[in-house]
Amino acid sequence: MTTDIVIYHNPECGTSRNTLAMIRNAGIEPHVVEHLKTPPSRAMLESLIERAGLNPRELLREKGTPYAELGLGDDSLSDAALMDAMMEHPILINRPLVVSPLGVRLCRPSEAVLDILPSPQRSAFTKEDGEQVVDAAGERIA
C-alpha cells in the first residue's frame, strides 16, 4: 500500500514497536523517523502538536528523561520553554507520534493507532506483553 504514514519512533520503546507492528499489520510500510537520531524541527513539532490536538506539556515525556532534573514539572513554565527543552533533549518528546491522512496521534496506548489507519488490520495482533488487541478477523478487541 502506498498510503503515506509517518511514525516518530524509538526502537527501544515497546509501545513504539507495537504501534509500528500494527501499522505494518494493516499492510502499510510507513516512513520511520527515529526521533532520537533525526528529531523534528521546532516548526514541525509545533505543527504535529497542534494537529494532534495536544499542547507541549501533553507531549512531554517524563520516564527515562531529564524531566525532573530540568524542573519541567513546574506548571508555570511556558509552552515555549517546554518546546525549548524538547528541542535540546529530544528524549523528552513522547512517542510514538503517528501522522496519517486521517490525523496525527500520540499512540499511547499503541492501539490508538488503529483510529487513524486508513486500512483495516489484516490479521490478529498481540502486543509484546501478550495483550491481544486485534482478533483473527482483524477486528479491534474492546
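Predicted model, so just to flag it, every value in this text is computed and none were measured.

Here we look at the overall build of the protein
- Within the protein one finds 4 helices and 6 strands.
- In sequence order, the secondary structure elements of the protein are arranged as β-α-β-α-α-α-β-β-β-β.
- Scaling as 2.2 N^0.38, a compact globule of 142 residues should have a C-alpha radius of gyration of about 14 Å, and the protein matches this with 16 Å.
- The dimensions of the protein, computed from C-alpha atoms along their principal axes, are 50 × 30 × 25 Å.
- For the protein, the exposed surface amounts to about 7,200 Å²; the carbon and sulfur share of it is 49%.
- Side chains of the protein carry 14 positive and 21 negative charges; the gap between the two charge centres is 4 Å.

A few points about unusual backbone geometry
- Cis geometry marks the peptide bond from R95 to P96; its omega dihedral reads 0°.
- In this structure, P96 sits in the loop between α4 (79–88) and β3 (97–100).
- Cis geometry is found at the peptide bond from R108 to P109, where omega equals 5°.
- The topology assignment puts P109 in the loop between β4 (103–106) and β5 (125–126).

Notes on the pairing of β4
- In β4, alternate side chains face the same way, and those of V104 and L106 are buried while those of G103 and R105 on the opposite face are not.
- Where β3 lies against β4, 4 bridges are found, and the strand directions are antiparallel. What sits directly across from S100, in β4, is G103.
- Counting the residues that bridge the hairpin from β3 to β4 gives 2 residues.

Some words on helix α1 (residues 14–25)
- Taking 1.5 Å per residue, 12 residues should reach 16 Å; α1 reaches 16 Å between its end C-alpha atoms and fits that length.
- Buried within α1 we find S16, N18, T19, L20, M22, I23 and N25.
- Against β1 (6–9), β2 (31–34), β3, β5 and β6 (132–134) lie the buried residues of α1.
- Downstream of α1 by a residue or two, G27 has a phi angle that is positive, lying close to 80°.

What about the sheet that holds β2?
- With mixed pairing, 4 strands are arranged side by side in an open sheet as β2-β1-β3-β4. Each edge of the sheet is formed by a strand with only one pairing partner; in this case those strands are β2 and β4. Across this sheet, the average inter-strand angle for adjacent strands is 15°, counted without regard to direction.
- As paired strands, β1 and β2 are joined by 4 bridges and run parallel to one another. Within β2, the residue paired with Y8 across the bridge is V33.
- Along the sheet, α1 contacts β1, β2 and β3; its crossing angle with β1, the most-contacted strand, is approximately 160°.

Cut-offs and rules
Residues numbered from 1 in each chain as written. Predicted model: local features only at pLDDT ≥ 70, side-chain atom pairs only at ≥ 80, totals over all residues. Heavy atoms only, no water. Helix = DSSP H or I, 4+ residues; strand = E, 2+ residues; numbered from the N terminus. Rg over C-alpha atoms; globule rule 2.2 N^0.38 Å. Areas by Shrake-Rupley, 256 points an atom, 1.4 Å probe, with all protein chains shown as cover. Lys, Arg positive; Asp, Glu negative; His and termini not counted. Charge placed at Lys NZ, Arg CZ, Asp CG, Glu CD. Buried < 20%, exposed > 50% of the residue type's maximum accessible area, 1.4 Å probe, protein only. Pairing = 2+ DSSP bridges. Expected span 1.5 Å × (residues − 1). Contact = heavy atoms within 4.5 Å. Axes fitted to C-alpha atoms, helices over the stretch in contact; angles between N-to-C directions.

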